[in-house]
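# Summary of structural features
Chain by chain, the residues:
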Amino acid sequence: MKRILIAIDGPAGSGKSTTAELVARRLGYVYIDTGAMYRAMTLKVLNSNVDPADEAAVVELARATSISLVNGGEMRVLLDGNDVTEAIRSEPVTNNVSLVSSYPEVRQLMVAEQRKIGSKKGCVIDGRDIGTVVFPDADLKFYIVADIMERARRRQEELSARGEELPIVQVVRELKERDRKDSTRETSPLRKADGAIEIDTTKLTINEQVEIVLNYVNEVTMGQEEMQKK
Ligand code: DC
């Protein structure tokens, strides 16, 4: 079966990462969670006592930082060689990641790495600017959305599993703030890419989301194989 590149974008809590990871596993593809890379960078900023608002200092730190994603079973995130998979999901990281990821030079560094890993076909990559900027020529592009209340409920559940209990109104407020920052920044804002297939996951189970994406993958890979035969 022909291996393709799948780009998945969408706002926080839309279900894109869960879907992307499961689709990658079902296809035996590499999964790249680009949000995890920006989160790891943000964790480094916070741990280094660098002010996230100090763009020059953040960029300097980013140049001296190594972030890698290790696939195999569950994806692990390594920051300068240390496993930070759980640490990057904390509230302080979540609340500062939009600022850190808005700096063009930080993005350049991350995007270069993402293009390196994704250039080998057989990859599902998710984020905010994958179909628009990182891989505008991806074989398949998705834009995953969901109602704000449903996204907040999912985020609250995720936090609760980590032992962080937050009132739903606070989760809604933080999500809206992140949506605003991620979609209004100057460099590579979150938006639906040309040709992207939109999926609203508000009323879908994870299984249904995965099946919808896999059906499109089947169509594309079969179509490409037919074209090759001609
Ligand atoms: O997918 P996530 O919620 O883990 O992403 C965390 C943040 O990283 C998100 O709020 C914005 C930023 N991000 C980005 O700017 N570009 C990407 N391709 C992925 C994430």
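See the structure above.
Right, let's walk through the structure included here. Given the structure is predicted, the values throughout are model-derived calculations rather than measurements.

Another aspect to go through is the packing of aromatic side chains. Two numbers describe a pair of aromatic rings. These are the distance of the centres and the angle of the planes. For the structure shown, the criterion picks out 1 aromatic pair. With centroids separated by 5.7 Å and ring planes inclined at 70 degrees, the aromatic side chains of Phe142 and Tyr216 adopt a geometry described as edge-to-face. Of this pair, Phe142 sits in strand 7 (residues 140-145) while Tyr216 sits in helix 9 (residues 206-229); the two residues are 74 residues apart in sequence, bridging distant segments of the chain. For Phe142, a relative accessible area of 1% puts it in the buried group.

A separate point is the pairing of strand 7. For a regular strand, the rule is simple: side chains alternate between the two faces of the sheet. For strand 7, the buried fraction is high: 6 of the 6 residues fall into the buried class. Burial along strand 7 is two-sided: Leu140, Phe142 and Ile144 facing one way and Lys141, Tyr143 and Val145 facing the other are all buried. Relative to strand 7, strand 1 (residues 5-9) is paired through 4 bridges, and the arrangement is parallel. In the strand pairing of strand 7, Ala7 is matched with Lys141.

On to the pattern of salt bridges, then. Scanning the entire structure with this criterion turns up 22 salt bridges. Residues Arg63 and Glu105 are paired through a salt bridge, measuring 2.5 Å at the closest nitrogen-oxygen approach. You can see Arg63 sitting in helix 3 (residues 55-63) and its partner Glu105 sitting in helix 5 (residues 104-118), a full 42 residues away along the chain. The exposure class of Arg63 is exposed, given its relative accessible area of 56%. Judged by its relative accessible area of 35%, Glu105 is partly exposed.

On the basis of which strands lie adjacent, the open sheet formed by 3 strands has the order 3-4-5 and antiparallel pairing. One side of each edge strand has no neighbouring strand; the edge strands of this open sheet are strand 3 (67-70) and strand 5 (82-83). Looking at chain direction, strand 3 and strand 4 (residues 76-79) are connected through 4 bridges and run antiparallel. Counterpart to Ser68 in the pairing with strand 4 is Leu78.

Cut-offs used in this document
- Residues numbered from 1 in each chain as written.
- Predicted model: local features only at pLDDT ≥ 70, side-chain atom pairs only at ≥ 80, totals over all residues.
- Heavy atoms only, no water.
- Phe/Tyr/Trp six-rings, centres within 6.5 Å; stacked < 30°, edge-to-face > 60°.
- Helix = DSSP H or I, 4+ residues; strand = E, 2+ residues; numbered from the N terminus.
- Buried < 20%, exposed > 50% of the residue type's maximum accessible area, 1.4 Å probe, protein only.
- Pairing = 2+ DSSP bridges.
- Salt bridge = Lys/Arg side-chain N within 4 Å of Asp/Glu carboxyl O.

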